[in-house]
Amino acid sequence: MKKNIITSKKLPANLATYMTLFLIIGAASIGIGCVDKETQAVSESILVKGSDTVLPLAQAESETFMMANTDKSVTVIGGGSGVGIAALIDGEVDIAMASREMKPSEIENARSNGIDPVEHTVCWDGIAVAVNPENTVSTLTLSQVRGIYNGSITNWEEVGGTDLKIVAISRDSSSGTYEYFKENVLEGEEYRPDALIQSATGAIVLEVSQNKNAVGYIGIAYLDESVKAISLNSDGTYVLPSAETVKTGAYPLARPLYFYTNGEPTGLAKTFLDYVLGPDGQGIVSEIGYIPV
Amino acid sequence: MRMDGKFKEHAIETVLLSTSAVTVVILFLICIFLFGEGAALFNEISFFDFLSGKFWYPTSEPPQFGLLPLFLGTLIVTVGAICISVPLGVASAIFISEIASAKVAGMLKPFIEILAGVPSVVYGFFGLVVIIPNLQKLLNLPTGQTALAGSIMLGIMALPTIISISEDAISAVPSFIKEGSLALGATRWQTIHRVTVPAALSGISAAVMLGIGRAIGETMTVMMVTGNTAIIPGFPDGFLAPVRTMTATIALEMGEVPQGSDHYHALFVIGAMLFVITLLINLIAESIKRRYMFKVGS
């Protein structure tokens, strides 16, 4: 009797164990089958590398592109404009993403390496100057922004706000946006030495959202309700940054974002670039928050 | 049979020797690489100018590479961290090894170990979202991203090192010394602060040195909470202003530095400096520890 009870108790337990085992093995082999199928089917692949500003766009583009073309593979890696361009010069990647133009020295390096960089504008990006929503200042001229960032304006009172010290926030020097801002707003002048440096745009948004004194510059794709965008003026009228005003050219801080290829693109690089510049690709550009070309 | 056993023994010994030799070789290669890449900078500027330069403007024309603001930034953040973590850490170590019952100590220790296992980016995020806004409100500062925020975070991060090593040192004090003190009529507290802690002092000092080493080398957390402003911090008001540490500079700027440029070599020199500083700290900690072993043995 006793024995019987034990075996009958054991049997279901054993059965359950075996079934779980089978299930696991089965699931694993299904997975293996899938992987095999995919790796066998991919006939072409390219590598895209560079600017962190272009990264979210390129990732979204490659995902939808690969969904429509299951036999193609587009790998996208960030790192910064300079990193992508350096990889293109070394012949390691098919497309380099950049949020700035290639420098003459980089073009020279590429030529001496037998690489002929060709520039393609894939979309436009606007740079917004953002403050805390509690800040009473909502308009600034470009020269006031320059004053805030070169250190000649240190209190919000000087630009029509309340008596609070200004805390200017910048990206680090490896950012393409840092260089764009230095060139176009500071006109080559050095940033004020006491500016806070953040290693990511998200960190700038966070600090501005929780600090009444803070001001930062961010790509318009990063604007949300936690911060307030400043209307900028360069010749008479104040313009709020938006996809519309960047497209019409009314907003003063806008720049193109680039793909660089070695020579005119061929094969999959060409197919991918055509997709990005085509109606579907440019639709994704608007979705991400950038401005179509 | 015996020959076979000997051969086996020999083979295992050789394998173990070569694995430990790999560590030394790797360290040696890192050394060559760091110092070699860094040395190229001094074709352009003098070593002394680099050490005493007051400005770090690596991307302006002409660039300025001055280590002083970065070195002092690291110093002020580390000093602050030590001021926070040493009293807390040593007090916790005394509590765990001398006062707490075995049950309470057994409950506390795993928590301290978990503290050591939290990734630094999580500490950084905590600092960014919790410490910084509260610090700003509490002290009415223009920004909460200050050396003090970095010190607080690093102080917490250095705690596990300091607690566990000081605790080892305190537990290693022979019980007959404590019993002697108690037998002479000293209270428990008198025994702890006049006998036990002084006897363990060199071990505690070693713990503090290793805690300093941990704080100096930390990168991600400091980069997220200190504001990264490369100006020479004042003392003591520098604690309430943003600073930039040496580690944060490398992490911030290595991404897009053109290979082979002066800026690139300058970052390697900072790396080499950090290497030398940590090496010195470890040597000091090691020598203190050795002295302490003598004391207990004799």
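From a predicted model like this one, the values you see are computed outputs, not experimental measurements.

**Q** What is the right way to read the interface of chain B and chain A from this model?
**A** Taken together, the contact pairs 25 residues of chain B with 28 residues of chain A. At the surface where chain B touches chain A, the tally comes to zero salt bridges. Every element with two or more residues in the side of chain B that touches chain A is listed here: α5 (120-139) and α11 (246-253) of chain B. When residues in the side of chain B that touches chain A are grouped by element, the largest group, five residues, is from α5 of chain B. Among the residues making up the side of chain B that touches chain A, the classes are represented as eleven nonpolar, eleven polar and three charged.

**Q** Would you mind showing me how to read a nonpolar patch on the surface here?
**A** Taken together, the side chains of Phe35, Val276, Leu279, Leu280 and Leu283 of chain B define a hydrophobic patch exposed on the protein surface, amounting to about 440 Å² of accessible area. Mapped onto the fold, Phe35 of chain B is located in helix α1 (residues 2-39).

**Q** Even after reading the chapter, I still don't get the domain arrangement of chain A, so can you show me in this structure?
**A** The extent of an interface is frequently quoted as the accessible surface area lost upon association of the parts. Residue and element names in this part refer to chain A. Each assigned domain of chain A is listed with its residue range as follows: domain 1 (15-124 + 257-288) and domain 2 (126-248). If you look at the interface, domain 1 gives six residues, while domain 2 gives six residues. In total, domain 1 and domain 2 occlude about 460 Å² of area from one another, counting both sides; carbon and sulfur atoms represent 42% of this. Taken together, domain 1 and domain 2 are joined by two salt bridges. Of the charged contacts, one joins Arg100 and Glu179 as a salt bridge, the two residues approaching to 3.9 Å between their closest N and O atoms. On the surface where domain 1 and domain 2 come into contact, there are zero residue pairs in polar contact (both at pLDDT 80 or more). Along the lines of polarity and charge, the residues of the side of domain 1 that touches domain 2 split into two nonpolar, two polar and two charged.

Calculation criteria
Residues numbered from 1 in each chain as written. Chains lettered and ligands numbered in written order. Predicted model: local features only at pLDDT ≥ 70, side-chain atom pairs only at ≥ 80, totals over all residues. Heavy atoms only, no water. Contact = heavy atoms within 4.5 Å. Salt bridge = Lys/Arg side-chain N within 4 Å of Asp/Glu carboxyl O. Helix = DSSP H or I, 4+ residues; strand = E, 2+ residues; numbered from the N terminus. Nonpolar A, V, L, I, M, F, W, Y, C, P; charged D, E, K, R; others polar. Patch = residues over 30% accessible without salt bridge, like charges linked within 9 Å, V, L, I, M, F, W, Y side chains within 5 Å. Areas by Shrake-Rupley, 256 points an atom, 1.4 Å probe, with all protein chains shown as cover. Domains from an automatic or database assignment. Buried area = accessible area lost by both parts, 1.4 Å probe. Polar contact = N/O pair within 3.5 Å; in protein donor to acceptor, adjacent residues only side chain to side chain.

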